[in-house]
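# Results of the structural survey
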Amino acid sequence: MLENRQEIVVKRLKTVSTQGDKEFKNEAELLAKLNHYNLVQLCGYNIGGIERLLIYEVMPHGSLYE
């Protein structure tokens, strides 16, 4: 949960990847621009260090599997 009380989900990506930081950043920025009622919003990403993280908003009515 963020300081503003927004709930988030953090997805940690595999550290072994052939995708470079520039490609990952471009892809994450493209995902952040997508807006559709069937998609959760990408709130941010992290490429610092060896981990790559994607930060998504929480689905208000549970997961896709419910």
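Since this is a predicted model, take the numbers as computed values, not measurements.

## Considering the overall build of the protein chain
- If you tally the helices and strands in the protein chain, you get 1 helix and 3 strands.
- Along the protein chain, helices (α) and strands (β) appear in the sequence β-α-β-β when read from the amino end.
- Counting only C-alpha atoms, the protein chain reaches 35 × 25 × 25 Å along its principal axes.
- Expressed as a percentage of its 66 residues, the buried residues of the protein chain come to 14%.
- The long-range fraction of contacts in the protein chain, counting pairs at least 24 apart against all pairs at least 6 apart in sequence, stands at 47%.
- Per element, the accessible surface of the protein chain, about 5,800 Å² overall, is 53% carbon and sulfur.
- Considering the protein chain, the positive charge centre built from 8 side chains and the negative charge centre built from 9 side chains are found 5 Å apart.

## Details of the packing of aromatic side chains
- This structure, assessed with the given rule, holds 1 aromatic pair.
- An angle of 80° between the planes, with centres 6.1 Å apart, marks the rings of Phe24 and Tyr45 as edge-to-face. Residue Phe24 is found in helix α1 (residues 21-33), and its partner Tyr45 is found in strand β2 (residues 42-46); the two are separated by 21 residues along the sequence.

## Brief notes about the environment of Cys43
- Structurally, Cys43 can be placed in strand β2.
- The contact partners of Cys43, leaving out residues within four places of it in the chain, are Gln6, Ile55, Tyr56 and Glu57.

## Overview of the pairing of strand β3 (residues 53-57)
- The buried count for β3 comes to 4 of 5 residues, which makes it a mostly enclosed element.
- Here strand β1 (residues 8-12) pairs with β3 via 5 bridges, running antiparallel. When the bridges of β3 are listed, Val10 appears paired with Ile55.
- As defined by bridge partners, β2 adjoins β3 across 4 bridges and the pair is classed as antiparallel.

Here is what the cut-offs are and how they apply
- Residues numbered from 1 in each chain as written.
- Predicted model: local features only at pLDDT ≥ 70, side-chain atom pairs only at ≥ 80, totals over all residues.
- Heavy atoms only, no water.
- Helix = DSSP H or I, 4+ residues; strand = E, 2+ residues; numbered from the N terminus.
- Buried < 20%, exposed > 50% of the residue type's maximum accessible area, 1.4 Å probe, protein only.
- Contact = heavy atoms within 4.5 Å.
- Areas by Shrake-Rupley, 256 points an atom, 1.4 Å probe, with all protein chains shown as cover.
- Lys, Arg positive; Asp, Glu negative; His and termini not counted.
- Charge placed at Lys NZ, Arg CZ, Asp CG, Glu CD.
- Phe/Tyr/Trp six-rings, centres within 6.5 Å; stacked < 30°, edge-to-face > 60°.
- Pairing = 2+ DSSP bridges.

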